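What follows is the residue order along each chain.
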Amino acid sequence: MQPIRTTCAYCGVGCGITAMPTGPRSVQIKGDEAHPANGGRLCSKGTHLGETVGLTGRLLHPMIGKRRASWDKALDLVAKRFRETIDRHGPDSVAFYVSGQLLTEDYYVANKLMKGFIGSANIDTNSRLCMSSAVAGHNRAFGEDVVPATYTDLEEADLIVLVGSNTAWCHPIVYQRIQAARAARGAKLVVIDPRRTETCEDADLHLPVKPGTDVALMNGLLAWCDQAGVIDPAFMAHHVNAPEGFWEHIRAGHDLWSTAKTCDLAPALLQQFYELFAAAPRTVTLFSQGINQSIRGTDQVNAIINVHLATGRIGKPGAAPFSITGQPNAMGGREVGGLASTLAAHMDFAPDNVERVGRFWAAPRMAAKPGLKAVDLFRAMGEGRIKALWVMATNPAVSLPDAGRVREALESCPFVVVSDVIADTDTSAYADVRLPAAGWGEKDGTVTNSDRTISRQRPFLTLPGEARPDWWIVKEVARRMGWRNAFAYERPADIWREHARLTAYQNDGARLLNLRSQAIIGNDAYETMEPFRWGGAPFADGRFPTPDGKARLVMVKQMDVQAPLHDWPMTLNTGRYRDQWHTMTRTGLSPKLARHREEPLVEIHPHDAQALGLEEGDLARVSTPQGDSLFRAALSEGQRPGEIFTPIHWTDQISTGGRTGLLPRPLTDPHSGQPGFKSTPARVERQ
Ligand code: SF4
């Protein structure tokens, strides 16, 4: 038997994997040497995927309440309750909350059902928590949500700037590629991050920036480039529009000294970075959750893109801003319009787009406006405005900010459906109906990684119990709601071709996402599909998908950073551990991965620990106005004084402590709706 070529279940790097089954529920995993993302490499999480394919904790049968039910009975009930709720309260009284773990085909069918047939855009995704500020920033600057970089650009750059990203832990194969390229070409590496993480260990420069001051730092860089003659006047003149007053704004108040003061950085350190940037036309600025997960995330994204546009560092090899995504298919979700704020195929809710998509789908009731974004959606549920919810492949009772309030909302919702691979999650505790979904190794479809490479996920395990693919579950509900013909899919390839046709439908080149050649591929070609990247080399011709073909600088201003509060004098930042993923439902099954960090730690600067009477290994209670939880104290010089860090992974199912989700504020970025997980006012006490 030949190994099956598939894609990793975890992060947005999207590494190719070869899987050789060695028994009914066991598999040997290797990196796929032919995959362009990883060339055979795998990080610890990917390497140990074989330890996670057992059936421990799996949901194997449909459940209504605590009782096992047939698929027919469960699907009939879901369709009936959604139909009744819509008839009584209107389409906006129901919602789907989906996930970057879904495959593109799953995402497409769920999006079509909600936006084209139910007639509401109340379908949002946990990708809202991950990179929706990058989406909003791309749309503002480029006119379309296009990531204009590839992993190869990292290897062709002379300078790589990592902003708000612990790449060594969160995107390990990208970090390995960066390190290999540096060894080969001598590229410089600058890390901008309040914490001194493992990513900083081998960097040429680390800027421990004050959280929330990235706009000032990037505006200061632009002012420096302006003074140093690094702005590209020809590129600006032909390819970029600047709003009135933009340059006056940049030139006033963004000198080196005042920027260093705002960012709490030594001026000499800042100057070193600015000089490195000015001297390196081939620069890639890679950014991740430290930029996106902020109540100013979209402005921070645009501040980075502004610098690249004004210096002409875009659309050329080794020169681009690069948003890297967290989840395996956050990008595929974006392509089919999986966010409440976007329509399918990278379209927005402009009336002609609504009409176009409605025509393509022959939709009886098209959503005409954006729906509720994740935080607002659960708030609306708490207020009684959402009366039926379907959660697919995610755990909002843990992962959304102010998770205690989210649980109250779930409790109050009259009808909750959860489709998942895991039987008992913090969210499924509130479900009226649980539907067993196919897991990694059983699913069949496509994913898009951070550099726009589309790859196949292929099954190599038989579906256990009565588990079914997500696309099948959604289409069966749609058919029971009365839309039999519009959801007559027999296999993922049927959905893929329809999605590809929609990207090309009446698309005269106005959108770069265009999968025209995929719209007619046969089932065999779908099965044997090789990884490919859409969009070619975006912006290489200097044209952007805006009405006048020019990119847009966005005037972004540094807002005041909240001063420490009397009762909450510290600042909490949150993030991932190297060997864990989200709420540990999969990585928690691997004993080898558990060894890296066996319990949740609160990292704190030794000076702060001393002032609080905390010693290494003490139990410490971290409190915020939203909630509190216990962590083990870890003293770290890598923390800025006054700031602490906790991991996102631990849940009720695992321990009583380490519940980071209870702590952040439910505040969101005004443009993207992405929650600001970073910079929460907090307090630490010894237990
Ligand atoms: Fe999987 Fe990401 Fe690791 Fe690659 S880098 S093996 S995609 S977790």
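If you're wondering where the values come from, they're calculated on a predicted model, not measured in any experiment.

Calculation rules
Residues numbered from 1 in each chain as written. Predicted model: local features only at pLDDT ≥ 70, side-chain atom pairs only at ≥ 80, totals over all residues. Near = placed C-beta within 6 Å. Helix = DSSP H or I, 4+ residues; strand = E, 2+ residues; numbered from the N terminus. Domains from an automatic or database assignment. pLDDT = per-residue confidence, 0-100. Core = buried A, V, L, I, M, F, W, Y, C linked by C-beta atoms within 7 Å. Buried ≥ 20, exposed ≤ 12 C-beta atoms within 10 Å, placed from the backbone. Contact = placed C-beta atoms within 7 Å. Pairing = 2+ DSSP bridges. Axes fitted to C-alpha atoms, helices over the stretch in contact; angles between N-to-C directions. Expected span 1.5 Å × (residues − 1). Nonpolar A, V, L, I, M, F, W, Y, C, P; charged D, E, K, R; others polar.

**With respect to the site of the ligand**
Working step 1: Residues in contact with the ligand amount to 14 residues; listed here are only the nearest, C8, C11, C15, C43 and G46.
Working step 2: Every element with two or more residues in the shell around the ligand is listed here: helix 1 (44-47) and helix 7 (172-185).
Working step 3: Here the shell around the ligand gathers at least three residues from each of two domains, domain 1 (4-52) and domain 3 (132-324 + 548-552).

**Some remarks on the confidence of the model for the chain**
As a note on interpretation, predicted positions should not be read in detail where pLDDT is low.
Working step 1: Residues at a pLDDT of 70 or more form 100% of the chain, whose mean pLDDT is 95.
Working step 2: Confidence estimates for the predicted assembly give a pTM of 0.96 and an ipTM of 1.00.

**Description of the nonpolar core**
Working step 1: Counting residues in hydrophobic clusters, the biggest one holds 202 residues, and the most contacted among them are A110, I160 and V602.
Working step 2: The leading source of residues in this core is helix 8 (residues 214-227), at 9 residues.
Working step 3: Not counting residues up to four positions away in its chain, the partners in contact with I160 are L154, I178, A187, L189, V284 and L286.

**Quick look at the sheet that holds strand 13 (residues 320-323)**
Working step 1: Pairing is parallel across the open sheet formed by 5 strands, whose spatial order is 10-9-8-12-13. Edge positions in the open sheet fall to strand 10 (205-207) and strand 13, since each of these has one partner strand only. Averaged over all pairs of adjacent strands, the angle between their axes in this sheet comes to 15 degrees, without regard to strand direction.
Working step 2: In terms of strand pairing, strand 9 (residues 188-192) meets strand 10 through 3 bridges, oriented parallel. Counterpart to V191 in the pairing with strand 10 is H206.
Working step 3: Its contacts with the sheet put helix 12 (residues 267-278) on strand 8 (159-163), strand 9, strand 10 and strand 12 (283-287), and the angle it makes with strand 10 is roughly 120 degrees.

**Looking at helix 7**
Along an α-helix, residues three or four apart share an orientation, since each turn contains 3.6 residues.
Working step 1: End to end, helix 7 covers 20 Å across 14 residues, agreeing with the expected 20 Å (1.5 Å per residue, within 8%).
Working step 2: Listed as buried for helix 7 are P172, I173, V174, Y175, R177, I178 and A181.
Working step 3: Where helix 7 is buried, its residues meet helix 5 (151-156), strand 8, helix 6 (167-170) and strand 9.
Working step 4: Positive phi appears at G186, one or two residues downstream of helix 7, with a value of about 75 degrees.

**Considerations on the environment of N38**
Working step 1: With respect to the helices and strands, the residue N38 is situated in the loop between strand 3 (26-31) and helix 1.
Working step 2: Linking N38 and Q674, residues 636 residues apart in sequence, is a C-alpha distance of 29 Å.
Working step 3: Contacts of N38, omitting those with residues within four sequence positions, involve V13, C15, G16, G31 and I173.

**Focus on the domain arrangement of the chain**
By a widespread convention, an interface's size corresponds to the accessible area lost as its parts come together.
Working step 1: We note that the domain assignment places domain 1 (4-52), domain 2 (63-129 + 332-519), domain 3 (132-324 + 548-552) and domain 4 (570-686) within the chain.
Working step 2: Here the C-alpha centre of domain 3 lies 32 Å away from the C-alpha centre of domain 1.
Working step 3: Listed per partner, the contact involves 8 residues of domain 1 and 8 residues of domain 3.
Working step 4: Across the side of domain 1 that touches domain 3, the residue classes break down as 5 nonpolar, 2 polar and 1 charged.

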